[in-house]
Amino acid sequence: MSHLATCADIVFPEGADVVWFEHESRFRESTSVAVVDIPIGSVDEFERRSGFGEFAPGVPPSWKYWGATGLDDPLATEIGNEHSVEGYRDPRRYVVIHDGGDATRRVFVHADC
């Protein structure tokens, strides 16, 4: 998980619970995929500390990045999801925040570094 902070500037707040994580390195590139639950009161902090700008309702076309996690069912619908709309950025990162209606938000992250 520390790779997401150093590589893609994704900083999770205190109290984050890693549900699923995979990191793969090949040649000079690496890919990290994570599913993390964060407290509902920490969403603004997560977005600010990670340098995210605007979020839009729904899921991006890239939502299938999280298929291997087996946790991507909530992403198959527009309901309860918002995604980062950063435009081009290097390293590339994709983030969806899912509102499951409880005291946490599930954050889906995919970063290519």
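What you see is a predicted model, and the numbers here were worked out from it, not measured in a lab.

Trainee: In this structure, what is going on with the packing of aromatic side chains? I would like to understand it.
Mentor: One pair of aromatic rings is described through two measures. These are the centre distance and the angle between the planes. Enumeration over the complete set of coordinates arrives at 6 aromatic pairs. When the centroid spacing of 5.2 Å and the interplanar angle of 20° are considered together, the rings of Phe 12 and Phe 46 count as stacked. Linking Phe 12 in the loop between helix H1 (2–8) and strand S1 (17–26) with Phe 46 in helix H2 (residues 43–49), this pair joins segments that are 34 residues apart in sequence. Taking relative accessible area as the criterion, Phe 12 reaches 16% and is therefore assigned buried. We classify Phe 46 as buried; its relative accessible area is 0%. Consider the rings of Trp 66 and Phe 108, whose centres lie 5.9 Å apart with planes at 65°: the pair is edge-to-face. Here Trp 66 is found in the loop between strand S3 (55–57) and strand S4 (81–84), whereas its partner Phe 108 is found in strand S6 (residues 104–112), with 42 residues between them in sequence.

Trainee: Explanation requested: the nonpolar core in the structure shown.
Mentor: Here is a general trend for soluble globular proteins: nonpolar side chains tend to be buried in one another's company. One finds Ile 10, Phe 12, Phe 46, Val 95, Val 107 and Val 109 to be the most contacted residues of the largest nonpolar core, which totals 17 residues. In terms of nonpolar packing, the next biggest core, distinct from the first, is built from 9 residues, Val 35, Trp 63, Tyr 94 and Val 96 among them.

Trainee: Would you mind going over the state of the cysteines with me for this structure?
Mentor: Disulfides are covalent bonds that connect the sulfur atoms of two cysteines. In this structure the tally under the stated criterion is 1 disulfide. Here Cys 7 pairs with Cys 113 through a disulfide, and the sulfurs are 1.3 Å apart. Residue Cys 7 is found in helix H1, and its partner Cys 113 is found in the segment after S6; the two are separated by 106 residues along the sequence. Cys 7 gets classed as buried once you look at its relative accessible area, which sits at 16%. Residue classification places Cys 113 among the partly exposed residues on the basis of a relative accessible area of 26%.

Trainee: Can you walk me through the confidence of the model for the chain in this structure?
Mentor: Interpretation of the predicted coordinates at a detailed level should be avoided for regions scoring low in pLDDT. Looking at the chain, the pLDDT average stands at 89 and 96% of residues meet or exceed 70. In the model of the chain, H1 stands out as the element of lowest mean pLDDT, 86, in contrast to H2, which has the highest, 95.

Trainee: Explain the sheet that holds S6 here, please?
Mentor: Each strand in a sheet pairs with another by means of backbone hydrogen bonds, the pair being arranged parallel or else antiparallel. Taken in spatial order, the 6 strands line up as S1-S2-S6-S5-S4-S3 in an open sheet, and their pairing is antiparallel. In this open sheet, the two edge strands, each paired with only one partner strand, are S1 and S3. When the angles between neighbouring strand axes are averaged without regard to direction, this sheet yields 15°. The pairing of S3 with S4 spans 3 bridges and is classified as antiparallel. The partner of Pro 57 across the bridge, within S4, is Glu 82.

Calculation criteria
Residues numbered from 1 in each chain as written. Predicted model: local features only at pLDDT ≥ 70, side-chain atom pairs only at ≥ 80, totals over all residues. Heavy atoms only, no water. Phe/Tyr/Trp six-rings, centres within 6.5 Å; stacked < 30°, edge-to-face > 60°. Helix = DSSP H or I, 4+ residues; strand = E, 2+ residues; numbered from the N terminus. Buried < 20%, exposed > 50% of the residue type's maximum accessible area, 1.4 Å probe, protein only. Core = buried A, V, L, I, M, F, W, Y, C linked by side-chain atoms within 4.5 Å. Disulfide = S-S within 2.5 Å. pLDDT = per-residue confidence, 0-100. Pairing = 2+ DSSP bridges. Axes fitted to C-alpha atoms, helices over the stretch in contact; angles between N-to-C directions.

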